[in-house]
Amino acid sequence: MYVTTCLSYDEVTLALSKSQESITVQLKSDKNINITVTLQPM
């Protein structure tokens with residue numbers, strides 16, 4: 001995965017959620033940019 005978005009000067013919101021054994025991390029920007037990563041155990 002290669003992310004080319006730079007959110008260093010934007011207001012961002014971080015959301016963490018857990019569903020069974022997976023964890024989801026989501027970053028949301030005011031400029032309509034969303035980055036979501038889901039972590040699952042192997």
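On a predicted model such as this, the values are computed, not experimentally measured, just so you know.

Definitions and limits used
Residues numbered from 1 in each chain as written. Predicted model: local features only at pLDDT ≥ 70, side-chain atom pairs only at ≥ 80, totals over all residues. Heavy atoms only, no water. Pairing = 2+ DSSP bridges. Helix = DSSP H or I, 4+ residues; strand = E, 2+ residues; numbered from the N terminus. Axes fitted to C-alpha atoms, helices over the stretch in contact; angles between N-to-C directions. Contact = heavy atoms within 4.5 Å.

Peer 1: How do you make sense of the sheet that holds strand S3 (residues 34–39) when you look at a structure like this?
Peer 2: If you trace the three strands from one edge of the open sheet to the other, you get S1-S2-S3, paired in antiparallel fashion. Two strands in the sheet have a free side with no partner beyond their single neighbour: strand S1 (12–19) and S3. Recorded for the sheet is a direction-independent mean angle of 15° between the axes of neighbouring strands.

Peer 1: Hey, could you run me through the side chain of Ser 29 in this one?
Peer 2: Here Ser 29 shows up in strand S2 (residues 22–29). In this structure Ser 29 touches Leu 7, Asp 10, Glu 11 and Asn 34, once residues within four positions along its chain are discounted.

This is a description of form; function is not addressed.
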